[in-house]
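Close look at the chain arrangement
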Amino acid sequence: MCRHRIFQRDLCKLRLTTAQSYVKIISDGQGPMSYIAGSTVRLNAQVQGLGPLFKLKLSVQNTGQAAMMNTPMTFSYNQQLYQIKEPLITMPLLIPGQLYKFEVSVNCVDQNGGADPIRVFVCTPGSTVPSISAVVTMPMCEPLLE
């Protein structure tokens with residue numbers, strides 16, 4: 001009976017520590033998805049393709065009450081591995097509740113077919129802090145043949 005209580009207590013401590021670490025990762029902006037408090041933007045990012053050509057499918061939704069104008073969306077990536085034709089997209093108008101879909105072509109230019117995450121940032125005009133960000137884990141692709 002005593003061993004079972006000790007086990008249950010240690011299990012609860014482990015769960016609490018895990019939850020606290022996860023919250024710290026998310027709040028530090030290092031998790032797969034992070035946002036600032038009061039953010040009214042929802043972002044979903046998916047990758048399609050086997051490489052060396054990929055397509056990022058992005059869904060952006062304004063969950064607030066007011067429309068957002070001239071909202072920039074930008075990408076942070078390893079330029080030695082990937083090439084993105086338009087690394088900055090300015091969304092002219094985000095109406096509340098409406099879902100907006102974007103497609104971005106990503107070309108893997110690494111000869112060995114390496115992989116590295118791509119970070120997507122939706123910013124608020126006039127602010128240096130992104131409203132929301134997502135980390136897209138890119139798959140390995142076949143090495144480029146010459």
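Below you will find a few notes about this structure.

Looking only at helices and strands, one finds one helix and nine strands in the protein chain. Counting from the amino terminus, the protein chain carries its helices and strands in the arrangement α-β-β-β-β-β-β-β-β-β. For the protein chain, buried positions account for 29% of its 146 residues. Excluding contacts between residues fewer than 6 apart, the proportion of contacts in the protein chain whose partners are at least 24 apart in sequence is 62%. A total accessible area of about 9800 Å² is found for the protein chain, and carbon and sulfur atoms account for 56% of it.

Moving on, we get to the nonpolar core. Counting residues in hydrophobic clusters, the biggest one holds 28 residues, and the most contacted among them are Met 73 and Phe 75. Not counting chain neighbours up to four residues away, the residues in contact with Met 73 comprise Leu 43, Leu 58, Val 60, Pro 87, Leu 88, Ile 89, Met 91, Phe 102, Val 120, Phe 121 and Val 122.

Turning to the pattern of salt bridges, a few remarks are in order. Overall, the coordinates contain three salt bridges when judged by the stated rule. Linking Asp 10 and Arg 9 is a salt bridge whose minimum nitrogen-to-oxygen distance equals 3.3 Å. Since its relative accessible area comes to 46%, Arg 9 is described here as partly exposed. Where Glu 103 meets Lys 55, a salt bridge forms, and the shortest distance between an N and an O atom there is 3.5 Å. Within this pair, whereas Glu 103 is found in strand 7 (residues 99-108), its partner Lys 55 is found in strand 3 (residues 53-62), the two being separated by 48 residues in sequence.

Together, Met 69, Leu 93 and Ile 95 make up an exposed nonpolar region whose accessible area comes to about 280 Å². Here Met 69 lies in strand 4 (residues 68-76).

Below, the discussion takes up the side chain of Asp 110. One can find Asp 110 in the loop between strand 7 and strand 8 (118-123). As a buried residue without a salt bridge, Asp 110 has its nearest oppositely charged side chain in Arg 119, at a separation of 16 Å. Polar contacts involving the side chain of Asp 110 include one to the main-chain amide nitrogen of Gly 114, which spans 2.9 Å.

For Met 140, the location among the structural elements is in the segment after strand 9 (130-136). The spatial distance from the C-alpha of Met 140 to the C-alpha of Ala 115 is 5.0 Å, given a sequence separation of 25 residues. Among all residues touching Met 140, those that are not within four sequence positions of it are Leu 50, Gly 113, Gly 114 and Ala 115.

This brings us to the environment of Val 41. Relative to the assigned elements, Val 41 resides in strand 2 (residues 41-48). Separated by 23 residues in the primary sequence, Val 41 and Gly 64 place their C-alpha atoms 7.3 Å from one another. The residues touching Val 41, leaving out its near neighbours within four places in the chain, are Val 60, Gln 61, Thr 63, Met 68, Val 122 and Ile 132.

Position of Ser 131 among the secondary structure elements: in strand 9. A distance of 2.3 Å separates a polar atom in the side chain of Ser 131 from a polar atom in the side chain of Thr 124.

Glancing now at the sheet that holds strand 7. The strand order across the open sheet built from four strands is 2-3-7-5, with neighbouring strands paired in antiparallel fashion. Lying at the two open borders of the sheet, with one neighbouring strand each, are strand 2 and strand 5 (82-84). In this sheet, neighbouring strand axes are inclined to one another by 25° on average, regardless of whether the strands run parallel or antiparallel. Alignment of strand 2 against strand 3, held across eight bridges, turns out to be antiparallel.

Reading the values: the criteria
Residues numbered from 1 in each chain as written. Predicted model: local features only at pLDDT ≥ 70, side-chain atom pairs only at ≥ 80, totals over all residues. Heavy atoms only, no water. Helix = DSSP H or I, 4+ residues; strand = E, 2+ residues; numbered from the N terminus. Buried < 20%, exposed > 50% of the residue type's maximum accessible area, 1.4 Å probe, protein only. Contact = heavy atoms within 4.5 Å. Areas by Shrake-Rupley, 256 points an atom, 1.4 Å probe, with all protein chains shown as cover. Core = buried A, V, L, I, M, F, W, Y, C linked by side-chain atoms within 4.5 Å. Salt bridge = Lys/Arg side-chain N within 4 Å of Asp/Glu carboxyl O. Patch = residues over 30% accessible without salt bridge, like charges linked within 9 Å, V, L, I, M, F, W, Y side chains within 5 Å. Lys, Arg positive; Asp, Glu negative; His and termini not counted. Polar contact = N/O pair within 3.5 Å; in protein donor to acceptor, adjacent residues only side chain to side chain. Pairing = 2+ DSSP bridges. Axes fitted to C-alpha atoms, helices over the stretch in contact; angles between N-to-C directions.

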